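# Architecture and fold: a report
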Amino acid sequence: MAKVVKIALAGEGGQGVQSVAQIMTNAANDEGKEALYIPNFGVEQRGGVSIAFCQISDERIGAPKFEIGDIVIALSDRAVVRTQQYVGPKTIFIYDASIEQAEEYLPTNGAKVLAIPALKISKEELHPRVFNVMILGAALQATGVLTLDQAKKALEKKLGYKFEQNPKLRELNHKALERGAQLMQEQLAGK
Amino acid sequence: MAKVVKIALAGEGGQGVQSVAQIMTNAANDEGKEALYIPNFGVEQRGGVSIAFCQISDERIGAPKFEIGDIVIALSDRAVVRTQQYVGPKTIFIYDASIEQAEEYLPTNGAKVLAIPALKISKEELHPRVFNVMILGAALQATGVLTLDQAKKALEKKLGYKFEQNPKLRELNHKALERGAQLMQEQLAGK
Amino acid sequence: MSLKDNLITIEGPKAVWTVFPHLCKGCGLCIEKCPVRTLEWSDKLGVYGTPAPHVKEEIPCIACNMCELVCPDAAITVGKIKQAVHK
Amino acid sequence: MSLKDNLITIEGPKAVWTVFPHLCKGCGLCIEKCPVRTLEWSDKLGVYGTPAPHVKEEIPCIACNMCELVCPDAAITVGKIKQAVHK
Amino acid sequence: MAKPIEGEKRAFMTGNEVVAWAALAAQADIMYGYPITPQNEIMHYWTRLGPKFEKKFLQTEDEISAGFTTVGGVLSGARAFTATGGPGNILMQESISMAEMMRIPTVMVIQQRGGPSTATVIYSQQEVMLTTHGGNGEGHRIVYSTATHQDLFDYTIKAFNTAWKYRFPTFVLGDGYQAKMRESLTIYDPEMRGVKMVPTVPLLGQEGMPGVDREPSLLRNTFNTEEELYAIIKDYQQEYDRIAPELVEHEQFACEDAEIVIISHGVVSRSSKMAVHELRAEGIKVGYFRPITLRPFPADDLSGAIAKAKLLLVVESAEGQLVKLVRQNLYGHSILPIEGLLKPGVGVTSEEIVDKVKALAAH
Amino acid sequence: MAKPIEGEKRAFMTGNEVVAWAALAAQADIMYGYPITPQNEIMHYWTRLGPKFEKKFLQTEDEISAGFTTVGGVLSGARAFTATGGPGNILMQESISMAEMMRIPTVMVIQQRGGPSTATVIYSQQEVMLTTHGGNGEGHRIVYSTATHQDLFDYTIKAFNTAWKYRFPTFVLGDGYQAKMRESLTIYDPEMRGVKMVPTVPLLGQEGMPGVDREPSLLRNTFNTEEELYAIIKDYQQEYDRIAPELVEHEQFACEDAEIVIISHGVVSRSSKMAVHELRAEGIKVGYFRPITLRPFPADDLSGAIAKAKLLLVVESAEGQLVKLVRQNLYGHSILPIEGLLKPGVGVTSEEIVDKVKALAAH
Amino acid sequence: MSIELSMPKSWRQETKPHKFCPGCGHGLVLKALGRSIDELGIQDKVVFGCDIGCSLLAWDFFNVDTVQTHHGRTTPVITGIKRARPDRIGVAYMGDGGGYAIGSQHLVNAAMRNERITAILVNNANYGMTGGQMAPTSLPGMKTETSPYGRDPEHTGMPMQGPEMVAAIAREGAYVARGTIANVRQATTFIKRALENQMAGNGFSFVEILSTCPTNWSTNAKDTWHFVEQEMPKYFKVGEIKVPGTKEE
Amino acid sequence: MSIELSMPKSWRQETKPHKFCPGCGHGLVLKALGRSIDELGIQDKVVFGCDIGCSLLAWDFFNVDTVQTHHGRTTPVITGIKRARPDRIGVAYMGDGGGYAIGSQHLVNAAMRNERITAILVNNANYGMTGGQMAPTSLPGMKTETSPYGRDPEHTGMPMQGPEMVAAIAREGAYVARGTIANVRQATTFIKRALENQMAGNGFSFVEILSTCPTNWSTNAKDTWHFVEQEMPKYFKVGEIKVPGTKEE
Ligand SMILES: Cc1ncc(C[n+]2csc(CCOP(=O)(O)OP(=O)(O)O)c2C)c(N)n1
Ligand SMILES: Cc1ncc(C[n+]2csc(CCOP(=O)(O)OP(=O)(O)O)c2C)c(N)n1
Ligand code: SF4
Ligand code: SF4
Ligand code: SF4
Ligand code: SF4
Ligand code: SF4
Ligand code: SF4
Ligand SMILES: [Mg+2]
Ligand SMILES: [Mg+2]
């Protein structure tokens with residue numbers, strides 16, 4: 001069987017994890033891969049932790065949800081708590097470095113547990129709005145399922161009409177993507 | 001198994017077959033017998049043929065309806081048509097002599113097919129209102145499940161309060177009962 | 001004779017009044033509504049074996065059409081006789 | 001420090017104005033309704049990580065109580081300071 | 001106030017009247033209902049008798065409301081019930097699903113009529129699947145199928161006790177024949193027979209200041225995560241499995257050496273009983289099995305009863321609904337062929353059963 | 001007007017979007033519906049796409065109305081459909097019962113959510129009993145259970161054809177996962193694939209003056225005597241039995257020599273498939289069987305598939321609803337023990353199935 | 001002799017006498033409807049839906065395409081037809097139980113949406129078909145099978161004001177009226193206008209008709225008339241309540 | 001420092017912040033209800049029922065006995081409780097979808113029967129919980145998930161006039177009003193009167209409150225206020241519509 005890359009992304013309502021998931025799986029699909037993305041949804045419109053389950057493979061994918069992710073990304077304290085269950089011995093667990101007291105809840109059974117300062121950098125260097133694009137970059141770097149160029153194509157598809165109006169936005173997004181990937185690379189390299 | 005006497009009574013809405021059935025089975029129950037009575041009912045409040053299925057026995061009774069009656073009594077032309085299906089080789093089929101062209105529809109497979117001029121006699125000798133009590137008398141005579149005295153007790157129970165106000169009514173009802181029985185006896189005797 | 005053909009028709013000065021017993025259920029609504037109270041129960045039986053109404057001999061129907069109008073079973077037809085014809 | 005104790009209290013001439021960030025969802029309804037437009041976003045974050053409002057330094061709260069009234073999360077308390085005390 | 005029934009007495013009445021008397025005897029407080037044939041007379045008798053015993057009644061705007069007002073009544077601690085049939089039974093499934101989720105001990109009397117759709121107002125046994133499994137859940141409910149007026153009386157009383165003891169919605173499954181026919185039975189004061197009514201308790205509106213003297217009752221049926229729901233359903237199932245052996249009821253006779261066992265429920269079982277007597281009198285080895293609880297189903301009892309059999313005959317006034325329950329429940333316990341005498345929407349006489357068995361025996 | 005889909009193309013979308021496209025591809029004329037999670041987006045897409053292709057939509061006041069307006073639409077000759085789930089599925093059973101009685105070819109898409117009651121808006125397979133047997137009748141309906149977006153597309157189109165060809169109400173049974181997830185599929189113009197849409201005809205409102213040029217259409221669902229109803233139901237059953245072999249569909253593999261056969265339907269069967277591949281790779285003799293039609297059930301196919309098996313494992317996101325169907329349908333054909341991996345309201349992963357099978361194989 | 005039946009042309013003669021009880025007002029309402037259909041010449045365009053309730057007895061009443069629906073569900077069935085086939089003239093015929101109790105959500109929402117259908121509701125102050133239970137329209141003090149001691153407004157409210165309710169939510173283009181079989185000509189006019197209003201595409205058209213149920217009222221002809229002519233109007237005001245084009249309140 | 005929360009006493013502090021979205025009007029309506037309960041001192045007598053709709057998020061909102069019911073079914077559940085236990089004060093809390101669409105038969109029949117309960121309906125002009133579909137109360141031209149090109153009154157009617165409908169059938173003793181969260185004090189008064197009316201045993205009490213749904217309206221604070229203060233009142237008249245004891249029309 002072909003390898004399936006499983007990614008769980010979790011954050012607060014406004015953090016845009018569902019967009020990240022959608023862009024990522026759209027991109028994979030556009031590249032002729034099989035992708036499956038399912039959002040987690042509860043009764044509340046706002047306020048809960050939002051989780052996106054993504055799978056990308058070269059062959060058709062089975063169950064929409066999974067027990068253990070290859071990469072689990074948590075962007076808030078509550079998200080850290082909620083996503084522990086998806087961590088197994090081979091999982092790379094990534095969380096935002098800004099989460100206070102994250103240590104208390106961090107999973108202890110993962111292959112790697114990495115903090116990336118995406119929120120901080122997005123605020124300081126880029127714009128808080130592209131925080132989630134940084135996360136996308138990080139996720140792609142961690143999994144290698146797609147190249148950054150492929151992701152850029154997908155961004156273009158989704159936001160192209162906005163980029164046309166404001167080419168700086170394109171630049172900003174590309175930067176965010178690259179910066180996210182870079183942060184991830186540093187972390188994986190154990191820096 | 002104890003013998004169960006099965007009686008099907010059918011007539012037009014206003015002819016009072018359900019009252020006859022109710023008085024008869026009430027009387028049987030009062031005498032300590034087992035009785036079961038089920039009215040046939042369709043969607044219309046008025047207008048259909050009304051059928052009463054009665055069973056009287058010394059032991060508990062099984063199914064509420066039956067295929068073949070011991071006595072089947074039909075009081076209108078439509079009732080004759082509708083009740084044919086309940087007639088078997090041992091059935092005594094009784095119909096009111098006033099029914100025009102009854103011959104056309106009369107069952108041919110019964111043990112006996114008897115016409116009694118109850119409607120005529122009730123009109124001429126008694127009162128149209130006690131037509132159904134005559135039928136009750138006839139039914140009891142044909143089946144022997146109850147004595148006329150037992151039926152009178154049941155009548156008293158149901159109509160006693162009216163009889164009190166108008167003792168002539170009691171007399172009329174008793175007469176109807178007896179006259180009905182007598183008509184039946186004559187018929188059975190082959191007169 | 002089938003009930004269907006057994007109609008009661010009464011010709012009066014102003015109307016040919018007819019009841020179709022095969023349609024009449026003997027409800028009596030018509031009788032109550034006749035402004036000249038000429039309707040009463042006849043000897044003929046309707047579809048349920050109850051009597052059907054007819055126009056009394058002594059009171060002529062004034063062809064007001066009320067009985068026809070209120071019969072829920074459309075069992076009555078009142079044919080107005082044109083004044084001209086009678087004069 | 002837990003969010004719960006992290007309230008913002010601003011004492012002005014007419015009112016002690018307080019927001020409880022652990023209840024504030026940053027909807028901004030209060031800001032829009034202040035008749036003297038003294039409310040604005042502060043640096044403190046509320047329960048959803050969005051900013052909580054506070055009273056501008058330069059415009060004193062007139063203790064009209066509107067912001068408290070319209071906060072769907074009961075995150076604001078406006079304590080009127082009795083005129084007597086200030087005179 | 002006088003008890004509705006002192007001691008016991010023989011009665012001769014319609015099944016609907018029996019249900020009304022049974023509810024009185026069971027000290028039911030209130031009935032909620034919407035008219036539908038063939039259950040109407042339950043309401044008619046209840047509204048006539050009720051005021052004499054300070055019983056309440058509410059006629060609702062539909063069966064959805066009848067179901068949900070009953071839920072409300074029960075939540076408030078009243079011994080409340082309702083009755084329906086046919087399309088009304090479909091509509092009540094919504095409230096039953098809430099009662100299942102929240103373990104609200106509602107009691108519902110179903111008088112089955114012909115189906116599907118409006119069909120006939122008369123009679124059938126076509127609401128077996130609906131009554132045992134009709135919601136968007138796992139059928140965590142208890143269903144008694146009655147055969148006689150005595151049953152109707154006994155099991156209506158029992159239904160209240162079962163519901164309040166086990167906290168699963170409980171049904172009395174009758175039919176149009178039972179509803180409309182008259183036969184004799186003994187009505188009685190349950191206490192006199194040693195039947196104590198399980199006391200009711202309010203699930204809402206208890207004494208004391210919520211949040212001060214006690215926690216408030218906060219009851220819900222909605223959950224945010226799959227896992228919450230999973231845990232609850234698993235728990236209910238476990239409890240249901242645990243109590244099932246206490247709950248299952250059946251009736252059987254002449255099965256020990258029977259080659260053909262007739263399986264039927266409700267009013268049809270009366271014909272089966274007659275048929276078995278008649279066939280036995282002729283020397284034909286036939287047995288009688290009647291599940292009284294259709295849910296939970298007396299699977300083990302049935303397995304036992306058919307030990308010697310070569311053939312099973314399911315008789316019902318439906319097109320195989322009891323057959324489905326039997327197959328479900330006997331799977332793995334039996335491989336006997338199952339024949340059906342299936343008469344959707346019409347009554348079954350003993351003569352038909354006798355003929356069918358003879359035809360089967362002849363093969 | 002352009003066809004909604006010319007030729008065929010690969011798409012990546014949610015299941016609800018797939019259903020909307022499939023209905024367009026099937027030339028559906030009108031959708032009636034009431035919002036409920038997880039089916040809402042079917043309506044959202046339909047209302048966005050519809051006007052471009054002169055398609056109509058009516059949002060009704062509840063699911064009862066959505067069901068009955070759909071019935072009306074179909075009666076008038078429109079290719080009409082609706083969609084719901086959970087408590088809405090319960091409420092639609094009333095109209096389905098009318099459609100069953102009157103053989104009205106309605107199409108309903110069910111996206112199952114957790115139950116009973118409001119429960120969760122997410123996902124389950126707990127509406128199997130309800131969808132296959134939920135009315136006050138004999139379950140004369142057809143139910144397709146889909147597993148993939150491709151299925152959703154194919155079977156939504158097929159549902160219209162099945163309904164209009166056989167005139168039994170037809171369901172597409174999906175679930176919250178399928179509704180909300182995105183995956184790839186090929187959408188296509190059915191004609192291009194040689195699928196001709198069965199033409200619709202008005203059952204009411206035909207041309208010509210009724211009573212003069214033609215008899216009026218006089219359609220009813222109520223009968224006065226038991227016997228009338230009996231004759232109709234028997235007739236329907238006969239027809240249902242006759243067409244069942246044409247209708248049943250299933251998917252199987254690796255069953256020939258399988259000692260354990262995994263039976264599952266819908267989205268869960270995807271996990272089973274993965275598990276079987278994985279287990280086979282490890283040399284464990286396990287087979288895969290997935291009923292596609294849950295009603296009628298592919299009983300013979302299943303019997304065939306388990307010929308060599310020693311054990312059956314039913315896997316479902318419900319507490320034994322598929323188990324019940326399997327037991328019903330295998331009774332008499334098999335005595336194999338049936339194990340369950342029953343996960344009401346939660347998804348099942350292939351890992352769980354693998355573990356379960358290994359545990360079973362170890363015994 | 002060939003005296004012609006005074007029967008609307010659109011009635012189906014083969015099924016007459018119809019199945020309603022003697023003196024039942026349904027017959028009169030359907031006569032008014034039949035005459036309206038005749039006069040408007042729309043027999044081939046009407047789709048007639050009848051409810052469960054005694055109205056079901058009309059399933060083969062007309063030479064008009066007809067569907068018998070479920071209790072309370074005639075409004076949505078006819079709505080469904082009309083939405084799919086706007087060229088049809090949809091008539092939803094129902095009782096007071098069907099319209100004001102179990103089907104009231106459909107009635108008020110059809111009114112709100114201004115569905116282009118005509119709903120005719122027969123108010124006989126009880127549930128006729130099921131044997132005379134209390135209806136939302138039963139009169140105070142009225143004895144029915146479920147109010148054996150008389151309807152007590154304290155516990156069960158006052159008679160439902162259906163057309164008034166519909167008029168409160170219906171908007172421009174809607175037609176709302178209450179007629180009575182005590183005035184068949186007027187009732188016919190109201191029904192005809194309700195059909196014309198649909199044909200003109202104006203909006204929802206609703207007519208309640210006060211009617212009789214001698215069977216469950218246990219009344220003779222005289223008392224039947226008395227009840228519908230004298231008692232019912234005490235609680236139900238006859239007349240047109242909303243007419244398109246006229247100025248509102 | 002001990003500054004006290006300005007929270008109704010009957011609110012359950014443990015479950016705050018509550019589960020409604022930022023800027024959701026439900027919070028304000030429940031504040032008005034909480035204050036009314038406090039002021040009337042009936043926290044131990046109230047049984048609060050919440051519908052499915054965003055109102056379900058209030059299932060653990062108060063220190064008051066609470067039951068979350070089904071979509072549209074809160075009115076019958078509370079009715080059932082009140083009938084069995086008249087000493088309780090029943091509050092049925094629902095959305096416009098729950099009250100005017102799927103539960104409208106319960107609402108109008110409870111009004112007709114003059115049930116002694118208090119129904120509070122939150123009108124946010126859409127189906128909030130399910131993600132913003134059209135509601136009976138959506139404004140003409142309003143874009144929702146099921147009216148993506150704007151609500152077209154020609155096809156889907158004009159906004160439902162709920163209190164007007166209830167007032168048309170409710171009788172002596174009933175209380176009917178429409179408030180708005182744009183005037184919380186007035187809304188509180190109306191809710192309080194509605195509770196008092198129940199406590200006095202007068203009759204059915206119904207209050208609709210115009211409310212906000214910034215999430216599905218996709219509005220910022222300013223536009224949220226604009227919509228509820230300027231747009232909604234164009235179609236919904238705020239005020240008391242029926243007050244027991246006052247002369248009718
Ligand atoms: C869902 C459902 N509930 C109840 C019934 C039973 N039922 C049939 S007719 C009827 C009442 C009819 O009353 P109404 O609508 O006033 O019509 P009427 O017979 O008085 O003309 C009822 C309750 C049914 N058929 N379906
Ligand atoms: C029988 C049924 N149908 C549909 C639903 C789905 N549903 C849940 S909430 C809701 C609408 C809520 O809208 P509203 O009542 O206006 O409340 P809001 O969320 O706007 O406050 C719907 C349709 C359901 N739970 N049950
Ligand atoms: S037409 Fe008028 S006058 Fe003549 S019988 Fe009829 S009601 Fe009487
Ligand atoms: S109104 Fe018609 S049915 Fe009634 S008695 Fe007169 S003619 Fe006969
Ligand atoms: S109390 Fe009034 S003046 Fe002060 S901040 Fe609030 S709204 Fe502004
Ligand atoms: S109204 Fe309340 S929740 Fe909203 S921003 Fe102001 S303080 Fe925060
Ligand atoms: S029961 Fe009443 S409404 Fe029904 S047909 Fe008879 S008289 Fe008419
Ligand atoms: S979706 Fe709308 S109504 Fe629901 S909680 Fe959010 S803002 Fe409030
Ligand atoms: Mg009526
Ligand atoms: Mg809303």
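Look a little higher up for the structure.
Residues numbered from 1 in each chain as written. Chains lettered and ligands numbered in written order. Predicted model: local features only at pLDDT ≥ 70, side-chain atom pairs only at ≥ 80, totals over all residues. Heavy atoms only, no water.

## Section: the interface of chain F and chain E
Across the boundary between the two partners, chain F contributes 65 residues, which contact 65 residues of chain E. Taken as a group, Asn136(F), Glu226(F) and Tyr331(F) account for 16% of the area that chain F buries against chain E, more than any other trio of residues on that side. At the boundary of chain F and chain E, one finds two salt bridges. Lys234(F) is the partner of Glu319(E) in a salt bridge, and the nearest nitrogen-oxygen pair spans 2.9 Å. Taken together, the connections running from chain F to chain E amount to 32 residue pairs in polar contact (both at pLDDT 80 or more). Those elements that provide at least two residues to the side of chain F that touches chain E are helix H4 (87-102), helix H5 (128-133), helix H8 (226-247), helix H11 (321-330) and strand E15 (338-342) of chain F. Split into classes, the residues belonging to the side of chain F that touches chain E amount to 27 nonpolar, 26 polar and 12 charged. (Contact = heavy atoms within 4.5 Å. Buried area = accessible area lost by both parts, 1.4 Å probe. Salt bridge = Lys/Arg side-chain N within 4 Å of Asp/Glu carboxyl O. Polar contact = N/O pair within 3.5 Å; in protein donor to acceptor, adjacent residues only side chain to side chain. Helix = DSSP H or I, 4+ residues; strand = E, 2+ residues; numbered from the N terminus. Nonpolar A, V, L, I, M, F, W, Y, C, P; charged D, E, K, R; others polar.)

## A short note on the side chain of Gln43(G)
One can find Gln43(G) in the loop between helix H1 (25-40) and strand E1 (46-50). Of the polar contacts made by the side chain of Gln43(G), one reaches the backbone oxygen of Asn63(G); its length is 3.1 Å. Not counting residues within four places of it along the chain, the set of residues in contact with Gln43(G) comprises Met209(F), Pro210(F), Lys9(G), Ser10(G), Ile37(G), Asn63(G) and Val64(G).

## Notes on empty space enclosed by the protein
All chains considered together, the criterion is met by 13 cavities of 30 Å³ or more. Considered as a void within the structure, the largest cavity measures approximately 410 Å³ in volume. Every residue lining the largest cavity is counted, 33 residues in all, and those nearest its centre are Ile52(G), Gly53(G), His71(G), Met129(G) and Thr130(G). Secondary-structure elements contributing two or more residues to the lining of the largest cavity are helix H4 (87-102) of chain E together with helix H3 (96-102) and strand E5 (126-127) of chain G. In the lining of the largest cavity, the residues fall into 13 nonpolar, 15 polar and five charged. (1 Å grid on protein atoms, 1.4 Å probe; cavity = no way out; pocket = protein on both sides within 12 Å on 5 of 7 lines; lining within 4 Å. Points joined across faces, edges and corners; volume = space filled by probe spheres on them.)

## Details of the coordination of the magnesium ion (ligand 9)
All names here are of chain G. The magnesium ion (ligand 9) binds to the protein through Asp96 (OD), Asn124 (OD1) and Asn126 (O); the donor distances cover 2.0 to 2.2 Å. On the primary sequence, the residues serving as donors to the magnesium ion (ligand 9) are separated as D-x27-N-x1-N. In this pair, Asp96 is assigned in helix H3 and Asn126 in strand E5, connecting sequence segments 30 residues apart. (Donors = N, O, S within 2.8 Å, 3.2 Å for Na, K, Ca; no water.)

## Structural notes on the packing of helix H5 (residues 148-165) of chain B against helix H6 (residues 167-188) of chain B
All names here are of chain B. Close contact between H5 and H6 brings their axes to 9 Å; oriented N to C, the two are set at 155°. Here H6 runs roughly antiparallel to H5, going by the angle between their axes. Where H5 crosses over H6, the handedness of that crossing is right-handed. Contact residues: Leu148, Ala151, Lys152, Leu155, Glu156, Leu159, Lys162, Phe163, Glu164 and Gln165 in H5; Pro167, Leu169, Arg170, Asn173, His174, Leu177, Glu178 and Ala181 in H6. Residues belonging to the contact of H5 with H6 are distributed by class as follows: nine nonpolar, three polar and six charged. (Axes fitted to C-alpha atoms, helices over the stretch in contact; angles between N-to-C directions. Parallel < 35°, antiparallel > 145°, perpendicular 65-115°, else oblique. Left-handed = near helix turned anticlockwise from the far one by under 90°.)

## Notes on the pattern of salt bridges
Residues and elements named next belong to chain B. Summed over all chains, the structure comprises 106 salt bridges over all chains. Among the salt bridges present, the one from Arg170 reaches Glu156, with a minimum N-O distance of 2.7 Å. A residue pair is termed long-range when its members are at least 10 positions apart, and Arg170 in helix H6 and Glu156 in helix H5 qualify at 14 residues. With relative accessibility at 23%, the residue Arg170 sits in the partly exposed group. Judged by its relative accessible area of 27%, Glu156 is partly exposed. (Buried < 20%, exposed > 50% of the residue type's maximum accessible area, 1.4 Å probe, protein only.)

## Topic: the pairing of strand E2 (residues 34-39) of chain A
Across the six residues that make up E2(A), a large majority, six, are buried. Bridge count between E2(A) and strand E3 (residues 49-57) of chain A: six bridges; the pairing is antiparallel. Along E3(A), the bridge assignment pairs Ala35(A) with Ile56(A). Here E2(A) runs beside strand E8 (residues 182-188) of chain F; their pairing, made up of two bridges, is antiparallel. The partner of Leu36(A) across the bridge, within E8(F), is Glu183(F). (Pairing = 2+ DSSP bridges.)

## Concerning the packing of helix H11 (residues 321-330) of chain E against H11(F)
Where H11(E) contacts H11(F), the two axes come as close as 7 Å, and the packing angle between them is 95°. By the angle class used here, H11(E) and H11(F) are roughly perpendicular. Residue-level contacts link Lys324(E), Arg327(E), Gln328(E) and Asn329(E) of H11(E) to Lys324(F), Arg327(F), Gln328(F) and Asn329(F) of H11(F). The class makeup of the residues in the contact of H11(E) with H11(F) is no nonpolar, four polar and four charged.

## Some points on helix H2 (residues 74-84) of chain H
Of all 11 residues that make up H2(H), 11 are buried, and the element is covered over most of its length. Turning to H2(H), its buried residues are Thr74(H), Thr75(H), Pro76(H), Val77(H), Ile78(H), Thr79(H), Gly80(H), Ile81(H), Lys82(H), Arg83(H) and Ala84(H).

## As for the coordination of the magnesium ion (ligand 10)
Residue and element names in this part refer to chain H. Protein-derived ligands of the magnesium ion (ligand 10) are Asp96 (OD), Asn124 (OD1) and Asn126 (O), with the metal-ligand distances lying across 2.0 to 2.2 Å. When the donors of the magnesium ion (ligand 10) are listed by position in the chain, the intervening gaps give D-x27-N-x1-N. On the criterion of sequence distance, the pair formed by Asp96 in helix H3 (residues 96-102) and Asn124 in the loop between strand E4 (118-123) and strand E5 (126-127) is long-range, its members being 28 residues apart. The pair Asp96 / Asn124 is uniform in exposure class, with both members buried.

## Some words on the pairing of strand E1 (residues 4-12) of chain B
Residue and element names in this part refer to chain B. Of all nine residues in E1, nine are buried; the element is thus mostly enclosed. By the bridge criterion, nine bridges tie E1 to strand E3 (residues 49-57) in an arrangement that is antiparallel. What sits directly across from Ala10, in E3, is Ile51.

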